[in-house]
Amino acid sequence: MDPFDAGAGGILRQPKAVWATAGASVVAFMGIGLVDPILPSIAKGLDASAGQVSLLFTSYFLITALAMLVTGFVSSRIGGRRTLLLGLAFVVVFAGLAGTSDTVGQLVGYRAGWGLGNALFVSTALAVIVGAAAGGSAAAILLYESALGLGMACGPLLGALLGDASWRYPFFGTAFLMAIGFLCITVFLKEQPKPARKTSLLDPIRALGHGGLASAAVSAFFYNYTFFTVLAFTPFVLNMTPYKSGAVFFAWGVLLAVFSVLVAPRMQRRFGSLKVLGGSLVLLAADVLVLGYGNHTAAIVCTILSGAFIGVNNTVYTELALGVSDAPRPVASAGYNFVRWFAAAAAPYFAPKIEEWTDAHIPFVVAAVTALLGAVVVAVRRRALTHEAEELEPKHASEDSVTVFAN
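The written sequence of each chain sets the order in which its residues are numbered from 1. Given that this is a predicted model, residues contribute local features only at a pLDDT of at least 70 and side-chain atom pairs are listed and counted only at 80 or more, while totals for whole chains, interfaces and linings are drawn from all residues. In computing side-chain properties, one takes all heavy atoms of the structure into account and sets aside hydrogens as well as water.

Engineer: Sorry if this is basic, but what is going on with the overall build of the chain here?
Structural biologist: If you tally the helices and strands in the chain, you get 16 helices and zero strands. Relative accessible area decides the class of each residue, using a 1.4 Å probe on protein chains only: under 20% of the type maximum gives buried, over 50% gives exposed, and in between gives partly exposed. Relative to its full complement of 407 residues, the chain shows a buried share of 58%. Whether two residues are in contact is decided by their heavy atoms, any of which lying within 4.5 Å being enough. When contacts within the chain are restricted to residue pairs at least 6 apart in sequence, long-range pairs at least 24 apart make up 86% of them. What sets the accessible areas is the Shrake-Rupley method with a 1.4 Å probe; for residues, cover comes only from the shown protein chains. Accessible surface, the chain as shown: approximately 15600 Å² in total, 67% of it carbon and sulfur. Runs of E in the DSSP output that reach at least two residues are strands. Runs of H or I that reach at least four are helices, and both are numbered from the N terminus.

Here's what the structure looks like:
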């Protein structure tokens, strides 16, 4: 069946519950890159340094990493609908409070609460959409992938449009949109069946005892340091107005979505997963080096281009994480993300510190080295990863790419 078919079960013929959850997912993914174009404005408005403002990402992703041990535990006990609503409620409250901050410390703290809510929501949304979808999972997965890409692309754009008037408005805007999502899910989504087996807090940690999954997680840890150096530190290097910075990261997000959903699976079928991942990591390393040492135009071009490599990496890492071990996919995903999100928390903190200790070029040198380290782990541990890379069916790429990225 063509998932775009307007007939029963097509992407355009889904229940209101699916559309409500997908719409809220767009806003949830917007929250990741929302602050990108307004980081300099926040620093100016709160009289804070680049390092202090970058903690907005650190607190957000540190809590997200720790929440990976909790989300499955919670949803397997209270159900998907209540978990979604709990996550949305956290985001509404803490995003709104973030807009009232008088100090950078308050803003960092509220952003941490926002990260907990977002983790609860996005880790549950895919399962809820698939469970409520009509005509099988293909159209539902495509709809969720589209929500992911649209959110990642539009987050910086929304931040720029609202942030041009005040850095506070993007936070209020997110709270308002998520409140609408809360009401829609309350009205349209019925409670989903609870899993037959309850997930324990230690299940994701135990899953990391598998050598292949641990290798994928360690490689992804290094890669995510590079990813979030680009996302959190580059706005200070570009030093552009919110509108211009938002446009750059909108183009970045579009490339990320296109290469993740459309390009990466085709490259894998032609060249193999490990070759594609290794090559993409090496190219990403070269890209961030040019970003750090090139002129302003080169920095803009390389920032946008990095979205293509990041999109490819996200998809391939997903397959490695979820296909290499025999752990249930939600448990494997939680363990994998528990490791890799710590790098997303570390990079925004260390990149400005490294600049203070050295100069503006060195943070990108470190980011290039971590991308190469990710490639080295893939090369050294290729036997542990080969079983999944060679035998995973292509259809899994679409389904799991959104699961791992979201979780």
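Further notes follow.
Engineer: Mind showing me how you'd approach helix H1 (residues 16-33) here?
Structural biologist: Taking 1.5 Å per residue as the helical rise, H1 with its 18 residues ought to reach 26 Å, and the 27 Å between its terminal C-alpha atoms agrees with that figure. Judged by how many residues are buried, H1 sits mostly within the fold: 15 of 18 residues are covered. A helix's residues, less one, multiplied by 1.5 Å, set its expected span.

Engineer: Hey, could you run me through the nonpolar core in this one?
Structural biologist: Where a protein is soluble and globular, its nonpolar side chains tend to be buried together. Throughout, nonpolar core names a set of buried Ala, Val, Leu, Ile, Met, Phe, Trp, Tyr and Cys residues whose side chains join them through atoms within 4.5 Å. With 120 residues, the main nonpolar core has Ile 42, Val 53, Phe 61, Phe 121, Phe 171, Ile 185 and Trp 252 as its most contacted residues. Ignoring any residue separated from it by four or fewer positions in sequence, one finds Ile 42 in contact with Val 53, Leu 56, Leu 107, Trp 167 and Phe 171.

Engineer: Honestly, the packing of helix H3 (residues 50-78) against helix H13 (residues 329-357) in this entry has me stumped. Any pointers?
Structural biologist: The packing of two helices is summarised by the inter-axis angle and the distance between the axes. One way to put it is that H3 packs onto H13 with a least axis distance of 8 Å and a crossing angle of 170°. Taken together, the axis directions place H3 and H13 in an arrangement best described as roughly antiparallel. Ten residue types, Ala, Val, Leu, Ile, Met, Phe, Trp, Tyr, Cys and Pro, are classed as nonpolar, four, Asp, Glu, Lys and Arg, as charged, and the remainder, Gly among them, as polar. Split into classes, the residues belonging to the contact of H3 with H13 amount to 18 nonpolar, five polar and no charged. Where helices are involved, their axes are fitted lines through C-alpha atoms of the stretch in contact, as for all axes, and angles between N-to-C directions lie from 0 to 180°. Note on terminology: angles under 35 degrees are roughly parallel, angles over 145 are roughly antiparallel, angles of 65 to 115 are roughly perpendicular, and the others are oblique.

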